[in-house]
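The primary structure of each chain is shown beneath.
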Amino acid sequence: MTEDTGKTVTHAMLLAAGMGKRMRPLTDQCPKPLLKVNGKPLIVYHLERIRELGITDVVINVSYLADQIQDTLGSGERFDLNITYSYEAEPLETAGGIVKALPFLGHQRFLLINADVWINFNFSDWISNTEPADRPVSLVMVDNPSFHPTGDFNLLPNGLLTSGEAEPGTRVKRLTYAGVGIYTTSLFQPISTGYAKLAPYLIEWMKKGLVAGVYHDGAWSDVGTPERLALLQRAL
């Protein structure tokens, strides 16, 4: 059954341009998003979930071994999706990749997913309950994994995210960004084209109270090394 998002998000973007250096030698001849778990490429799990949400327009940024990704996924027809590829001669990092892909992302909000994560999460309720007016960014946050014990951001009781040290007496939960978020395209329009990381902009937007967070306590994996890929394979 198709999940109803209330048409609040009409486009999705999958980040698939990285070289997957930590996954070598598995990625010497295969881009990381095409590595398989239970016989299915990681990126296909996301495409299937996106279609279940009723989102049909997907942008995938590609660079390293881009032809393999495009040859495997094609136009998206077999997933009942419309896939557009945003090619980067050299990987532009997250913010740079989004800026380059802006012409394909519509004019409102879009779902952004790192193609190399695996997550068991209720996307539908999250998208439907995210208010774009006062919180144009919403990030899925998870418990800090062993390989990233210090986390990324603080989740406050009011649902906002902050960076750095929390104010004394403030109840916060330090968490890790899951690589899944809802973003508003207008935030990226002032950013210059070219290489740009996302974290500095997220911190800037957090200072303005524009970034919300939702805590996910279910299954999640950042498939960044062959060992983590093997763990996910066994878990599934």
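All values reported here derive from a predicted model rather than from experimental measurement.

1. Quick word on the overall build of the protein chain
Counting secondary structure elements, the protein chain contains six helices and 13 strands. Taking 18 Å as the expected radius of gyration for a compact globule of 236 residues, we find that the protein chain reaches 17 Å, a close match to that expectation. With respect to the principal axes defined by its C-alpha atoms, the protein chain has extents near 50 × 40 × 40 Å. Intrachain contacts of the protein chain at a sequence separation of at least 6 include 74% that bridge at least 24 residues. About 11,300 Å² of surface is accessible on the protein chain, with carbon and sulfur atoms providing 50% of the total.

2. Considerations on helix α3 (residues 93-101)
Among the nine residues of α3, seven are classified as buried, and the element is accordingly described as predominantly covered. Listed in full, the buried residues belonging to α3 are T94, A95, G96, G97, I98, V99 and A101.

3. Remarks on the confidence of the model for the protein chain
Per-residue pLDDT for the protein chain has a mean of 89; in total, 93% of the residues score no lower than 70. pLDDT under 50 marks residues 1-7. Its contacts with residues more than four places away, or in other chains, come to 14 contacts.

4. Examining the nonpolar core
In summary, soluble globular proteins display a tendency toward joint burial of nonpolar side chains. One finds I60, L73 and L111 to be the most contacted residues of the largest nonpolar core, which totals 45 residues. Broken down by element, this core gets its largest block of residues, five residues, from helix α1 (residues 42-52). When residues no more than four places from it in sequence are discounted, the contact partners of L73 are I43, V44, L47, I60, R78, F79, I83 and Y85. Counting residues in hydrophobic clusters, the runner-up holds 29 residues, among them L161, L175, Y177 and I191.

5. Description of the side chain of N61
Note that N61 resides in strand β4 (residues 57-62). Taking the relative accessible area as the measure of exposure, N61 reaches 3% and is therefore buried. Side-chain polar atoms of N61 contact the backbone nitrogen of A16, separated by 2.8 Å. Not counting the four nearest positions on each side in its chain, N61 is found in contact with M13, L14, L15, A16, A17, S86, E88 and G97.

6. Focus on the environment of L236
The topology assignment puts L236 in the segment after α6 (226-235). On the accessibility criterion, L236 (39% relative accessible area) is partly exposed.

7. Observations regarding unusual backbone geometry
Phi is positive for L65, close to 50°, though the residue is something other than glycine. Relative to the helices and strands, L65 resides in the loop between β4 and α2 (66-73). Assessed through its relative accessible area of 27%, L65 is described here as partly exposed.

8. Brief notes about the pattern of salt bridges
Side chains bearing opposite charge may pair, as long as their charged atoms lie close to each other. Under the counting rule described, the total for this entry stands at seven salt bridges. Of the charged contacts in the structure, one is a salt bridge between R24 and D28, with a shortest N-O distance of 3.8 Å. Under the relative-accessibility criterion, R24 is labelled partly exposed at 41%.

9. Things to note about the environment of K100
Secondary-structure assignment places K100 in helix α3. For the pair K100 and W118, spaced 18 residues apart in sequence, the C-alpha to C-alpha distance is 25 Å. Residues in contact with K100, not counting those within four places in the same chain, are S86, Y87, E88 and L92. A polar atom in the side chain of K100 sits 2.8 Å from the backbone oxygen of Y87.

10. Topic: the pairing of strand β5 (residues 82-87)
Summarising the sheet, β4 and β5 pair through six bridges and their orientation is parallel. If you follow V58 over to β5, its bridge partner there is I83. Handedness of the β4-α2-β5 crossover: right-handed.

What counts, and at which threshold
- Residues numbered from 1 in each chain as written.
- Predicted model: local features only at pLDDT ≥ 70, side-chain atom pairs only at ≥ 80, totals over all residues.
- Heavy atoms only, no water.
- Helix = DSSP H or I, 4+ residues; strand = E, 2+ residues; numbered from the N terminus.
- Rg over C-alpha atoms; globule rule 2.2 N^0.38 Å.
- Contact = heavy atoms within 4.5 Å.
- Areas by Shrake-Rupley, 256 points an atom, 1.4 Å probe, with all protein chains shown as cover.
- Buried < 20%, exposed > 50% of the residue type's maximum accessible area, 1.4 Å probe, protein only.
- pLDDT = per-residue confidence, 0-100.
- Core = buried A, V, L, I, M, F, W, Y, C linked by side-chain atoms within 4.5 Å.
- Polar contact = N/O pair within 3.5 Å; in protein donor to acceptor, adjacent residues only side chain to side chain.
- Salt bridge = Lys/Arg side-chain N within 4 Å of Asp/Glu carboxyl O.
- Pairing = 2+ DSSP bridges.
- Right-handed = clockwise from strand over helix to strand, strands pointing away.

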